[in-house]
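# Overview (structure and organization)
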Amino acid sequence: MEQDYIKTQAIVLEHIIYGENSIILNVFSKEEGIIGIFINNINSMKSIIEFNVLSVNDFTLKKGNQFYYLVDYDLINSNFNIRTNYKSELFSLVIVDLIKSIFYNEVCNEKVYALILKTVIFLSKYSEDQYALINAFILKLVSYLGYQPSMFYQNSHNRFYLDGGFVDSDGEYYQIDNLHAKYMIYLMKNRYDDIVNKKYESINENEILKFLLKYTMNNFGIEYLGSLGYLEYL
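Now for a look at the structure at hand. Computed from a predicted model, the values in this text were never measured in an experiment.

### Regarding the overall build of the chain
What the chain contains, in helices and strands, is seven helices and eight strands. Taking all 234 residues of the chain together, the buried fraction comes to 47%. Here the analysis covers contacts within the chain between residues at least 6 apart in sequence; of these, 59% occur between residues at least 24 apart. Accessible surface, the chain as shown: approximately 12300 Å² in total, 45% of it carbon and sulfur.

### As for the pairing of strand β1 (residues 5-18)
Alignment of β1 against strand β4 (residues 56-63), held across seven bridges, turns out to be antiparallel. Opposite isoleucine 6, over in β4, you have leucine 61 as the bridge partner. Bridge count for β1 against strand β2 (residues 22-29) is eight bridges, and the pairing is antiparallel. Of the residues in β2, the one forming a bridge with glutamate 14 is asparagine 26. Following β1, the chain reverses through three residues before pairing antiparallel with β2; glycine 19 in that reversal takes a positive phi of roughly 70°.

### Section: the pattern of salt bridges
Enumeration according to the criterion identifies six salt bridges in this entry. We note a salt bridge from aspartate 4 to lysine 62, for which the minimum N-O separation is 3.5 Å. Note that aspartate 4 is positioned in the segment before β1 and lysine 62 in strand β4, a separation of 58 residues in sequence. Residue arginine 191 is joined to aspartate 194 by a salt bridge in which the shortest nitrogen-to-oxygen separation is 3.5 Å. Look at arginine 191 and you get exposed, because its relative accessible area is 51%. Through salt bridges with shared partners, a single network forms among Glu207, Lys210 and Glu232.

### Overview of the side chain of serine 88
Note on placement: serine 88 falls in helix α1 (residues 86-102). Within the structure, serine 88 has its side chain in polar contact with the backbone oxygen of isoleucine 82 (distance 2.7 Å). Once residues within four sequence positions are removed from consideration, serine 88 is found in contact with Asn81, Ile82, Arg83 and Gln130.

### Digging into the layout of surface pockets
Each pocket or cavity is described by its volume, and for the largest pocket that value is around 220 Å³. Taken together, 13 residues make up the lining of the largest pocket; nearest its centre are Val53, Glu89, Leu90, Ser92 and Leu93. Taken together, the elements giving at least two residues each to the lining of the largest pocket come down to β1 and α1. In terms of residue count, the dominant contributor to the lining of the largest pocket is α1 (eight residues). Within the lining of the largest pocket, the residues separate by chemical class into seven nonpolar, one polar and five charged. A volume near 160 Å³ is recorded for the second largest pocket.

### What about the packing of aromatic side chains?
Inspection of every chain in the model, using the stated rule, returns twelve aromatic pairs. Residues phenylalanine 211 and tyrosine 215 carry aromatic rings whose centres are separated by 6.0 Å and whose planes lie at 45° to one another, so their mutual orientation is tilted. A residue pair is termed a helical-turn pair when its members lie 3 or 4 positions apart in one helix, as phenylalanine 211 and tyrosine 215 do in helix α6 (residues 205-220) at four residues. Each member of the aromatic cluster is reached from another via a ring pair, and the members are Tyr18, Phe38, Phe67 and Tyr69. Residue placement shows lysine 198 over the ring face of tyrosine 186; its charged tip is 4.9 Å from the ring centre.

### Thoughts on the packing of helix α3 (residues 130-144) against α6
In the contact formed by α3 and α6, the axes pass within 10 Å of each other and the chain directions differ by 20°. Looking at the two axes, α3 sits roughly parallel to α6. The two elements α3 and α6 meet at a crossing, and its hand is left-handed. Residue-level inspection shows Tyr131, Ala132, Ile134, Asn135, Ile138, Leu139 and Val142 of α3 in contact with α6, the latter providing Glu205, Asn206, Ile208, Leu209, Leu212, Leu213, Tyr215, Thr216 and Phe220. Looking at the contact of α3 with α6 residue by residue, the class counts come to twelve nonpolar, three polar and one charged.

### Things to note about the environment of leucine 139
By the secondary structure assignment, leucine 139 is in helix α3. We classify leucine 139 as buried; its relative accessible area is 1%. The spacing of leucine 139 and lysine 189 is 50 residues in sequence and 9.2 Å in space, taken between C-alpha atoms.

About the cut-offs
- Residues numbered from 1 in each chain as written.
- Predicted model: local features only at pLDDT ≥ 70, side-chain atom pairs only at ≥ 80, totals over all residues.
- Heavy atoms only, no water.
- Helix = DSSP H or I, 4+ residues; strand = E, 2+ residues; numbered from the N terminus.
- Buried < 20%, exposed > 50% of the residue type's maximum accessible area, 1.4 Å probe, protein only.
- Contact = heavy atoms within 4.5 Å.
- Areas by Shrake-Rupley, 256 points an atom, 1.4 Å probe, with all protein chains shown as cover.
- Pairing = 2+ DSSP bridges.
- Salt bridge = Lys/Arg side-chain N within 4 Å of Asp/Glu carboxyl O.
- Polar contact = N/O pair within 3.5 Å; in protein donor to acceptor, adjacent residues only side chain to side chain.
- 1 Å grid on protein atoms, 1.4 Å probe; cavity = no way out; pocket = protein on both sides within 12 Å on 5 of 7 lines; lining within 4 Å.
- Points joined across faces, edges and corners; volume = space filled by probe spheres on them.
- Nonpolar A, V, L, I, M, F, W, Y, C, P; charged D, E, K, R; others polar.
- Phe/Tyr/Trp six-rings, centres within 6.5 Å; stacked < 30°, edge-to-face > 60°.
- Lys NZ or Arg CZ within 6 Å of the ring centre and 35° of its normal.
- Axes fitted to C-alpha atoms, helices over the stretch in contact; angles between N-to-C directions.
- Parallel < 35°, antiparallel > 145°, perpendicular 65-115°, else oblique.
- Left-handed = near helix turned anticlockwise from the far one by under 90°.

Listed below in structure tokens is the structure:
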């Protein structure tokens, strides 16, 4: 294959309509990081389903000045089940928001790529444990990128504190009780196979998710995440 052609596996982050018959795919590529793929004459493609958010394809591309241009593709996984209910669709938006906000164009991270692939598979398969999965995803993501939170115990207040750069509006470290600290430690250190088989009684998973998103935004200098506002409707 000539040098200006590449073949790469990639996860679709979004597609943007361009004109009447073309689209631009923003994808997270295993080898190339975030890249834009220009697809002309979309109506001639085999099917649009392969280009839905968080679908996975093998792409053959030709590199241009601004975009990569689609030469051919093969579907690996449509991940269609992730779009069958509101919660899983929202959590897929959380994943996309974070990846688009953290990674620069053409900066790859194969460990993060593998994490996304596995997370999407589990979100598609398990409908009852999705909060635990998305919380675990965020904890594992930030730890892979060097921001692993450490939780330390202060006996005089019987509280756990979350260290790692996050402070609340009063300038104090975020406080978290013993139960929720143990929940987060468990998610961070265990495999998805174990996480989906464990019950989380008395855990406010939605509040932990909102906190983890704010924690991530603080550490990576992210000013806005569109998915954060939708969590109020869960």
